[in-house]
2 protein chains.
Amino acid sequence: MAKDKKEVREITDMDVDFAQWYTDVVIKADLIGYTSVKGCMAFKPAGYAIWENIQRELDKRFKETGVENVYMPIFIPESLLEKEKDHVEGFAPEVAWVTKGGLNDLQEPLCVRPTSETLFCDFYAKDIQSYRDLPRLYNQWCSVVRWEKETRPFLRSREFLWQEGHTAHATAEEARERTELMLNVYAKFAEEVLAIPVIKGQKTPKEKFAGAEATYTIESLMHDGKALQCGTSHDFGDGFARAFGVQYTDKDNKLQYVYQTSWGMTTRMIGALIMVHGDNSGLVLPPAIAPTQITIIPIAMHKGGVLEEAQKLYDRLQAAGYRVKMDDTDNKPGWKFAEAEMRGIPIRIEFGPKDIEAQQAVIARRDTKEKITVPLAQLEEKVAETMKQMQHDMLEAARKRMNEHTYVARSYEEFKDTIANKPGFVKAMWCGDQACEDKIKEETTATSRCMPFEQEHISDVCVCCGRPAKKMVYWGKAY
Amino acid sequence: MAKDKKEVREITDMDVDFAQWYTDVVIKADLIGYTSVKGCMAFKPAGYAIWENIQRELDKRFKETGVENVYMPIFIPESLLEKEKDHVEGFAPEVAWVTKGGLNDLQEPLCVRPTSETLFCDFYAKDIQSYRDLPRLYNQWCSVVRWEKETRPFLRSREFLWQEGHTAHATAEEARERTELMLNVYAKFAEEVLAIPVIKGQKTPKEKFAGAEATYTIESLMHDGKALQCGTSHDFGDGFARAFGVQYTDKDNKLQYVYQTSWGMTTRMIGALIMVHGDNSGLVLPPAIAPTQITIIPIAMHKGGVLEEAQKLYDRLQAAGYRVKMDDTDNKPGWKFAEAEMRGIPIRIEFGPKDIEAQQAVIARRDTKEKITVPLAQLEEKVAETMKQMQHDMLEAARKRMNEHTYVARSYEEFKDTIANKPGFVKAMWCGDQACEDKIKEETTATSRCMPFEQEHISDVCVCCGRPAKKMVYWGKAY
């Protein structure tokens, strides 16, 4: 038989095997393709279009805060990577090394950038001279490489796409403010655009970025109760500046070191979208990020006037600024419905001869699968309402789920029992000692996700060792 | 002395030393910075913003022809690169090899993509099954690496940014049409947006892309009379499909090979913008591509009302959709004029107390340096007119220059004399034999730029060997 009949096949039930459900969605929603390059993936149009929308939205928000885009080299000479001690220790074990260029061995190996702090510092050391040059608020969109052993589409791969912002400031305070500002940009973007609720907080010293003084993070909870780090913002103080000699002349004509930050968000957010909003029919995309927001499915297409009238709806919705598609392929309507659901298109419009007669259309919401019949005269208005409601409801549904799966533990027994039996976040007090973090990770596989900015007083003592507690921490198993 | 006073210094005269003039402009217009990574450059905000505008304009034009964006891996396993014989011979000598990942040597070396035909073929072999899957019209925006020995900013570097389109079709004819279509997209973009006139034609077999059946090209002429290849579009026939087994089931249920194309345009177009339009005051950017289209320079800023009134002009022009900046730094107006010229900002508006009194502003065009005084009431209208005229005039001025530096040679003596003494294109007949191309290159350093689609009959015989001529060819020294 010819291999030409594509079908929307069943996907694994997410409650039966979440990992397999995830893989099924990634493949059947046509987001990625596997490649012959181990650990690397091919972004197909449906997957890449989500990233393009993420880029457009984030880039706009960055630029509103004064950020400018630049582009630094893809390679880092070994000697440059080694200049900041903590940084090289953190990254050297997971980089890919170029040792040969053309037909010759290189005198010095170059790593393919795993992150570009060293390149930006090297650049800033030449670029920044006076206090008039500050702040420098640069960002780049690029791909980075980390030699991961186990990989999963979007969540962990040897190459991924991201943006990395790198700023330089005259004072420590200004750098701290920028670190917080960018974390808030990420948090607002995650909630407003991706409809993903997040916890904002600071990483423990053990979990912070290699070379940072402080790492701020937004953490979210997936459908299976596992945590996902969604974006991080690092305050470097003047550590990198001292290692790389990034100095400026201040108003009093004295040489000073700059204070730096970096912050990044990656294609793993596509994985987050899948795992926060998806269901057993496939992907569910919030209207604000969906590459296709509306699909029109004509019913009884062959009947006179149906396609023409459907085309009018298409034209109206496109004129109203929506990203709309018409599915006039020769598949059966039921198949088209299933495919639109698999691909997570927020709104499906069903439209056939009966609707033409009644001058109405049927609007189906992807998240709730609710259908409403609307008069054609009110089409744009009802679509706008439905999208706005859906964007709101998806965030609130995810927030409710996150709250319902956030537990409190006052004793270590309670902590271990919760981690073992109740997938989700566990809030518990911590003494600040890494030994407790290590013990918890070893005995439960949970890690500290963050010390939330909104602290709560759960008890006076560390959940692990019983000594006086310093911080309330979110713990959880994580991707 | 503090290193805080930035000045617009003199640049080398382009007629004295064009190469040094180019380097001066690249640096003093703040387009790039040198890096510690040999042969790689750092795009600074002013340089990267031009690329962002090129991307936005081209991407829109691609999508209008049905193209979708995807993203393939950065690495190519050695065995994959070797699948198409001509292709590997063309690229293997100039690729960078990753031989170590993390702490281990790789079993198979991976090259950093110099171009991605092999990756797309590998992908298509799995992705394409039926005639219903065709055509596939994919493109990606990425960076590629070629281990060049001699590098120059934008024109030739070890890493550069580009887009590469890769399409698959059911028939040879459809592939040929797509190859031509994309060449026309490039040509229109170059002329309409970059104001760079181009010659459209086909590369000789010697100069075509490694693995292509035919390579189409657009060629332009720089200010110094050297040619620059601006964009290429390749027709692969079914060569790659046969090497990689990219097959589909046709309507009669038979397996067929697909026909493919690829096409690319790169950051070297920024070099073309500099070398086609620049002058001894620096960069000159066409309004359609300039990141900043208008700079407002308030005169006698300290006088009451000047900044406030200038701000009103800024607000009006921004509301009218222009990319506008206000230079209210504490530098002198003369310095600001020179800097705006160095950076190639199309329109400068001078505005001081006398202008406020007369309710007028002075508009200066960057290309002709012409100044006109316009009533404030007509500001938007006059700015729009000026920009439109400037965009038009820049293209026509460049076309005139190209035509004036395009010569005809009927004998080999005349050919050699022209190449040696008159920088520009030389149109001359060619027998079709590579031996003549080789001889011409060896004896004059000129190469065949293209066999233009618009053929002219200059003589009956090859300019080199005197045998019957097959094609009229554009020859020239090239970047």
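Here, every reference points to the structure presented above.
It should be emphasised that the depicted structure is a prediction, and the values quoted were computed from it without experimental measurement. (Residues numbered from 1 in each chain as written. Chains lettered and ligands numbered in written order. Predicted model: local features only at pLDDT ≥ 70, side-chain atom pairs only at ≥ 80, totals over all residues. Heavy atoms only, no water.)

Novice: What exactly am I supposed to notice about the overall build of chain A here?
Specialist: Looking only at helices and strands, one finds 14 helices and 23 strands in chain A. Computed over its C-alpha atoms, the radius of gyration of chain A comes to 25 Å, within 12% of the 23 Å expected for a compact globule of 479 residues. Based on the C-alpha atoms only, the size of chain A along its principal axes is roughly 80 × 60 × 50 Å. Counting only contacts in chain A whose residues sit at least 6 apart along the sequence, the fraction spanning at least 24 positions is 69%. Surface summary for chain A: the accessible area is close to 19400 Å², and the carbon and sulfur share equals 47%. Chain A carries 65 positive and 74 negative side-chain charges, and their two centres are separated by 2 Å. (Helix = DSSP H or I, 4+ residues; strand = E, 2+ residues; numbered from the N terminus. Rg over C-alpha atoms; globule rule 2.2 N^0.38 Å. Contact = heavy atoms within 4.5 Å. Areas by Shrake-Rupley, 256 points an atom, 1.4 Å probe, with all protein chains shown as cover. Lys, Arg positive; Asp, Glu negative; His and termini not counted. Charge placed at Lys NZ, Arg CZ, Asp CG, Glu CD.)

Novice: Can you walk me through the nonpolar core in this structure?
Specialist: Within soluble globular proteins, side chains that are nonpolar tend to cluster in buried spots. In terms of nonpolar packing, the biggest core is built from 205 residues, with A:Phe75 and B:Phe75 touching the most fellow members. When neighbours within four sequence positions are excluded, A:Phe75 is seen to be in contact with A:Val98, A:Leu110, A:Cys111, A:Val112, A:Leu119, B:Val37, B:Cys40, B:Ala96, B:Val112, B:Val145 and B:Trp147. (Core = buried A, V, L, I, M, F, W, Y, C linked by side-chain atoms within 4.5 Å. Buried < 20%, exposed > 50% of the residue type's maximum accessible area, 1.4 Å probe, protein only.)

Novice: For this particular structure, what's the right way to read the sheet that holds strand 9 (residues 199-202) of chain B?
Specialist: Strand pairing in a sheet takes place through backbone hydrogen bonds and is either antiparallel or parallel in direction. All names here are of chain B. Pairing is mixed across the open sheet formed by 11 strands, whose spatial order is 3-7-8-14-11-10-9-22-23-21-20. Looking along the sheet, the strands with just one partner apiece sit at the ends: strand 3 (68-69) and strand 20 (406-408). Pairing geometry for strand 21 (residues 425-430) and strand 23 (residues 471-476), over 5 bridges, is antiparallel. Residue pairing across strands places Lys427 opposite Tyr474, the latter belonging to strand 23. Taken strand by strand, helix 12 (residues 379-404) contacts strand 9, strand 10 (214-221), strand 20 and strand 21, and its axis lies near 25 degrees from that of strand 20. The sheet contacts of helix 14 (residues 434-444) involve strand 21, strand 22 (447-452) and strand 23, and relative to strand 21 the element is tilted by about 150 degrees. (Pairing = 2+ DSSP bridges. Axes fitted to C-alpha atoms, helices over the stretch in contact; angles between N-to-C directions.)

Novice: Looking at this structure, I do not really get the interface of chain A and chain B. What am I missing?
Specialist: Interfaces are often described in size by the accessible area the parts lose on coming together. Every contact between the two is made by 64 residues of chain A and, on the other side, 63 residues of chain B. Here chain A packs against chain B, burying approximately 5200 Å² in sum over the two surfaces, 60% of which is carbon and sulfur. Our enumeration of links across chain A and chain B arrives at 6 salt bridges. Here A:Glu52 ties to B:Lys63 by a salt bridge, and the two come within 3.2 Å at their closest N and O atoms. Counting across the chain A and chain B interface gives 23 residue pairs in polar contact (both at pLDDT 80 or more). In terms of residue count, strand 5 (residues 96-101) of chain A provides more of the side of chain A that touches chain B than any other element does, 6 residues in total. For the side of chain A that touches chain B, the per-class residue count stands at 35 nonpolar, 13 polar and 16 charged. (Buried area = accessible area lost by both parts, 1.4 Å probe. Salt bridge = Lys/Arg side-chain N within 4 Å of Asp/Glu carboxyl O. Polar contact = N/O pair within 3.5 Å; in protein donor to acceptor, adjacent residues only side chain to side chain. Nonpolar A, V, L, I, M, F, W, Y, C, P; charged D, E, K, R; others polar.)

Novice: Please clarify how the sheet that holds strand 4 (residues 75-77) of chain B should be interpreted in this entry.
Specialist: Ordered by their spatial adjacency, 6 strands build an open sheet running 4(A)-6(A)-5(A)-5(B)-6(B)-4(B), and the pairing between neighbours is antiparallel. Unpaired on one side and paired on the other, strand 4 (75-77) of chain A together with strand 4 of chain B mark the two borders of the sheet. Strand-to-strand twist in this sheet, taken as the mean axis angle between neighbours without regard to direction, amounts to 45 degrees. Across 5 bridges, strand 5 of chain A lies against strand 5 (residues 96-101) of chain B in antiparallel orientation.

Novice: Whenever I open this one, the relation of the copies chain A and chain B confuses me. Can you help?
Specialist: Copies of the same chain, two in number, are related to each other by a rotation about an axis and a translation along it. Superposition record for chain A on chain B: RMSD 0.0 Å, screw rotation 180 degrees, translation along axis 0.0 Å. Taken together, the turn and the small shift mark the pair as related by a two-fold rotation axis. Judged by C-alpha distance, A:Val98 is the residue of chain A that lies nearest the rotation axis, at 2.1 Å. The residues that chain A uses at the interface reappear at the interface of chain B in 98% of cases, marking a shared surface. (Least-squares fit on C-alpha atoms with pLDDT ≥ 70 in both.)

Novice: Looking at this structure, how should I read helix 8 (residues 268-277) of chain B?
Specialist: In an α-helix there are 3.6 residues to a turn, and that puts residues three or four apart on one side. The buried fraction of helix 8 of chain B is high, at 10 of 10 residues. Among the residues of helix 8 of chain B, those classed as buried are B:Arg268, B:Met269, B:Ile270, B:Gly271, B:Ala272, B:Leu273, B:Ile274, B:Met275, B:Val276 and B:His277.

Novice: Help me out: how do you make sense of the side chain of A:Ser116 in this one?
Specialist: Mapped onto the secondary structure, A:Ser116 falls in the loop between strand 6 (104-112) and helix 5 (117-127). Contact partners of A:Ser116, with chain neighbours within four places excluded, come to A:Gln140, A:Glu164 and A:His166.

Novice: Explain the packing of helix 1 (residues 18-28) of chain B against helix 8 of chain B here, please?
Specialist: Two measures define how a pair of helices packs: the angle their axes make with one another and the distance between the axes. All names here are of chain B. Helix 8 packs onto helix 1 with a crossing angle of 120 degrees between their chain directions and a minimal axis gap of 11 Å. One way to sum up the angle between helix 1 and helix 8 is to call them oblique. Between helix 1 and helix 8 lies a crossing of right-handed hand. Along the contact surface, helix 1 presents Phe18, Trp21, Tyr22, Val25 and Val26, while helix 8 presents Gly271, Ile274 and Met275. Tallied by class, residues from the contact of helix 1 with helix 8 come to 7 nonpolar, 1 polar and no charged. (Parallel < 35°, antiparallel > 145°, perpendicular 65-115°, else oblique. Left-handed = near helix turned anticlockwise from the far one by under 90°.)

Novice: Explain the pattern of salt bridges to me, please; I cannot follow it from the model alone.
Specialist: If charged atoms from side chains of opposite charge come close, those side chains can pair. Inspection of the entire model under this criterion finds 72 salt bridges over all chains. We note a salt bridge from A:Glu192 to A:Lys188, for which the minimum N-O separation is 3.2 Å. On the criterion of helical spacing, the pair formed by A:Glu192 and A:Lys188 is a turn pair, its members being 4 residues apart in helix 6 (residues 172-192). The class for A:Lys188 is partly exposed, based on a relative accessible area of 49%. B:Glu57 is paired through a salt bridge with B:Arg61; the nearest N and O atoms lie 3.6 Å apart. One end of the pair is B:Glu57 and the other is B:Arg61, both in helix 2 (residues 45-64) and 4 residues apart, which spans about a single turn. Here B:Glu57 matches B:Arg61 in class, with each residue buried. Overlapping salt bridges bring together A:Asp30, A:Lys44, A:Glu339, A:Arg343, B:Asp127 and B:Arg136 as one network.

Novice: Is there a simple way to think about the side chain of B:Glu159 in this case?
Specialist: By the element assignment, B:Glu159 lies in strand 8 (residues 159-169). A:Arg113 is the oppositely charged side chain nearest to the buried, salt-bridge-free B:Glu159, at an N-O distance of 4.4 Å. If near-sequence neighbours (up to four positions away) are discounted, B:Glu159 is found in contact with A:Tyr71, A:Met72, A:Pro73, A:Ile74, A:Arg113, B:Gly39, B:Cys40, B:Ser143, B:Val144 and B:Val145.

Novice: How do you make sense of unusual backbone geometry when you look at a structure like this?
Specialist: Generally, phi is negative for residues other than glycine and the peptide bonds are trans, each holding for most cases. Put simply, A:Leu134 and A:Pro135 share a cis peptide bond, and its omega is -5 degrees. One non-glycine residue, B:Asp30, lies in the positive phi region at around 65 degrees. Assignment of secondary structure puts B:Asp30 in the loop between helix 1 and strand 1 (32-34). Phi at B:Thr445 takes a positive value of approximately 65 degrees, unusual for a residue other than glycine. Mapped onto the elements, B:Thr445 comes out in the loop between helix 14 and strand 22.

Novice: Would you mind showing me how to read the packing of aromatic side chains here?
Specialist: Residues and elements named next belong to chain A. This model, assessed by the stated rule, comprises 44 aromatic pairs over all chains. Ring geometry for Phe62 and Tyr186: centres 6.2 Å apart, planes at 75 degrees, overall edge-to-face. One end of the pair, Phe62, is in helix 2 (residues 45-64); the other, Tyr186, is in helix 6, with 124 residues separating them in the sequence. Each member of the pair, Phe62 as well as Tyr186, carries the same accessibility label: buried. Ring geometry for Phe62 against Trp263: centres 5.2 Å apart, planes inclined by 65 degrees, an arrangement best described as edge-to-face. Highlighted residues: Phe62 in helix 2 and Trp263 in strand 14 (residues 259-266), separated in sequence by 201 residues. Classification of Phe62 by relative accessible area gives buried; the value is 1%. In this structure Trp263 comes out as buried when scored by relative accessible area, which is 1%. Ring pairs connect the aromatic residues Trp51, Phe62, Trp141, Tyr186 and Trp263, which therefore count as one cluster. Lys226 extends its terminal NZ or CZ atom over the ring of Tyr479, reaching a point 4.6 Å from the ring centre. (Phe/Tyr/Trp six-rings, centres within 6.5 Å; stacked < 30°, edge-to-face > 60°. Lys NZ or Arg CZ within 6 Å of the ring centre and 35° of its normal.)

The values reported here are purely geometric and, on their own, carry no functional implication.
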